[in-house]
Amino acid sequence: MTFTPTGKVERDVMREPAELLIKEAREKARRRRVRRMSLFTIVVAACLVAIGVIRYAPSPKVNDGPSNSSAQSLTCPSARVKLLGVSEIPGGLGHAGLDVRASVSSFSTCLIGGYPIVREELTNHLTVTASRVQLGYLGGWTASAPPPRLSLTSRSRVVSFTIQSAGCDGPRPTTQAIRITLPGTRETLTARSFYEGGIGLVRGFGIYCGHLFVTPLVKGPTGSGG
């Protein structure tokens, strides 16, 4: 008969649950550390993304009509601008238009082009800004290519564009002044009258009917080209 000592077995049986508990506690602690590290990583990544969005998100653009960025880029900041005249464009079918002419020059050679900023001041104390249209019912830039870039030198040259709007009747506010800034320049011109064929110089610009548009700047006095 063989006798098996039981002391060691009992000690092993007693030690095994304790080791399992220790191992389980260590595993729980390890999982907690992993969860904390994962959460920390997610928070850091979210902060970096938020900082990147705030830093690199484009600033909202002010909408003077669809866009007037061409007029806000001062490609000819020293340009000298003079208003030569504003004349009525005979319209029809509910349309009204003006041909605006100016002379421009610059001490240093530079290029301008695009759409002027046109704002009409109304008798009800509101100011409306013209939207851009390349070719309207009463003229504009007729080519399919982008509007032209015009070279300025110390010698004055004549440029022009058109202002087009709706025609209407009835009790409405009238336009008492038009503020004009040519693209690429900083000087603002003010028109308070226009020339109408068969009548002569007319003060103010009549009833404001909405649907106000400006066409691109072109060379010459007609307001249209291409």
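Residues numbered from 1 in each chain as written. Predicted model: local features only at pLDDT ≥ 70, side-chain atom pairs only at ≥ 80, totals over all residues. Heavy atoms only, no water.

Caption draft 1: Region of the structure containing the overall build of the protein. A count of helices and strands for the protein gives two helices and 16 strands. Expressed as a percentage of the 226 residues in the protein, the buried residues total 34%. (Helix = DSSP H or I, 4+ residues; strand = E, 2+ residues; numbered from the N terminus. Buried < 20%, exposed > 50% of the residue type's maximum accessible area, 1.4 Å probe, protein only.)

Caption draft 2: Just the sheet that holds strand β11 (residues 175-181), in detail. Taking strand neighbours across the sheet as the criterion, the four strands line up as β5-β4-β11-β12 in an open arrangement whose pairing is antiparallel. This sheet does not close on itself; its edge strands, each paired only once, are β5 (127-129) and β12 (188-191). Across the sheet, the axes of successive neighbouring strands diverge by a mean angle of 25°, strand direction being ignored. Pairing analysis gives four bridges linking β11 to β12, with the strands arranged antiparallel. Bridge pairing links Thr 181 to Thr 188 in β12. (Pairing = 2+ DSSP bridges. Axes fitted to C-alpha atoms, helices over the stretch in contact; angles between N-to-C directions.)

Caption draft 3: Region of interest: the nonpolar core. With 30 residues, the main nonpolar core has Phe 161, Ile 163, Ile 178 and Leu 182 as its most contacted residues. Elements with a minimum of two residues in this core: β1 (80-89), β2 (95-105), β3 (110-113), β4 (117-122), β9 (149-152), β10 (157-166), β11 and β12. (Core = buried A, V, L, I, M, F, W, Y, C linked by side-chain atoms within 4.5 Å.)

Caption draft 4: Examining the environment of Leu 111 more closely. Here Leu 111 shows up in strand β3. Separated by 72 residues in the primary sequence, Leu 111 and Pro 183 have C-alpha atoms spaced 9.8 Å apart. Once you skip the residues sitting within four places of it in the chain, Leu 111 turns out to touch Thr 75, Cys 76, Arg 149, Leu 150 and Ser 151. (Contact = heavy atoms within 4.5 Å.)

Caption draft 5: Spatial organisation of the state of the cysteines. All told, the structure shown has two disulfides when counted by the stated rule. Disulfide pairing is shown between Cys 76 and Cys 110; the S-S distance is 2.0 Å. The disulfide joining Cys 76 to Cys 110 has a torsion of about 125° about its S-S bond and is therefore right-handed. Remark: Cys 110 occurs in strand β3 and Cys 76 occurs in the loop between α2 (69-72) and β1; sequence separation between them is 34 residues. There is no split in this pair, since Cys 76 and Cys 110 are both buried. Note on cysteine connectivity: Cys 168 is disulfide-linked to Cys 209, with sulfurs 1.8 Å apart. Across the disulfide from Cys 168 to Cys 209, rotation about the S-S bond amounts to roughly -85°, and the bridge is consequently left-handed. Within this pair, whereas Cys 168 is found in the loop between β10 and β11, its partner Cys 209 is found in the loop between β14 (200-203) and β15 (213-214), the two being separated by 41 residues in sequence. (Disulfide = S-S within 2.5 Å.)

Caption draft 6: Main features of the pattern of salt bridges. Within this structure, the stated rule accounts for two salt bridges. We note a salt bridge from Arg 101 to Asp 99, for which the minimum N-O separation is 3.5 Å. Accessibility classification places Arg 101 together with Asp 99 in one group, the buried group. A salt bridge links Glu 121 to Arg 179, with the nearest nitrogen and oxygen atoms 2.7 Å apart. Taken together, the residues Glu 121 in strand β4 and Arg 179 in strand β11 connect sequence positions 58 residues apart. (Salt bridge = Lys/Arg side-chain N within 4 Å of Asp/Glu carboxyl O.)

Caption draft 7: Spotlight on the pairing of strand β13 (residues 193-196). Here β13 shows a clear split, with Phe 194 and Glu 196 buried on one side and none of Ser 193 and Tyr 195 buried on the other. Pairing of β13 with β14 involves four bridges; the strand directions are antiparallel. Each bridged residue has a counterpart across the sheet, and for Glu 196 the counterpart in β14 is Gly 200. Where β13 folds back onto β14 in an antiparallel hairpin, the turn is made up of three residues, including Gly 198, whose phi is positive at roughly 85°.

Caption draft 8: Representation of the environment of Gln 164 in the model. Topologically, Gln 164 is positioned in strand β10. By relative accessible area, which is 6% here, Gln 164 ends up buried. If near-sequence neighbours (up to four positions away) are discounted, Gln 164 is found in contact with Ala 96, Gly 97, Gly 136, Tyr 137, Leu 138, Gly 139, His 211, Leu 212, Phe 213 and Thr 215. From its side chain, Gln 164 meets the backbone nitrogen of Leu 138 in a polar contact 3.0 Å long. (Polar contact = N/O pair within 3.5 Å; in protein donor to acceptor, adjacent residues only side chain to side chain.)

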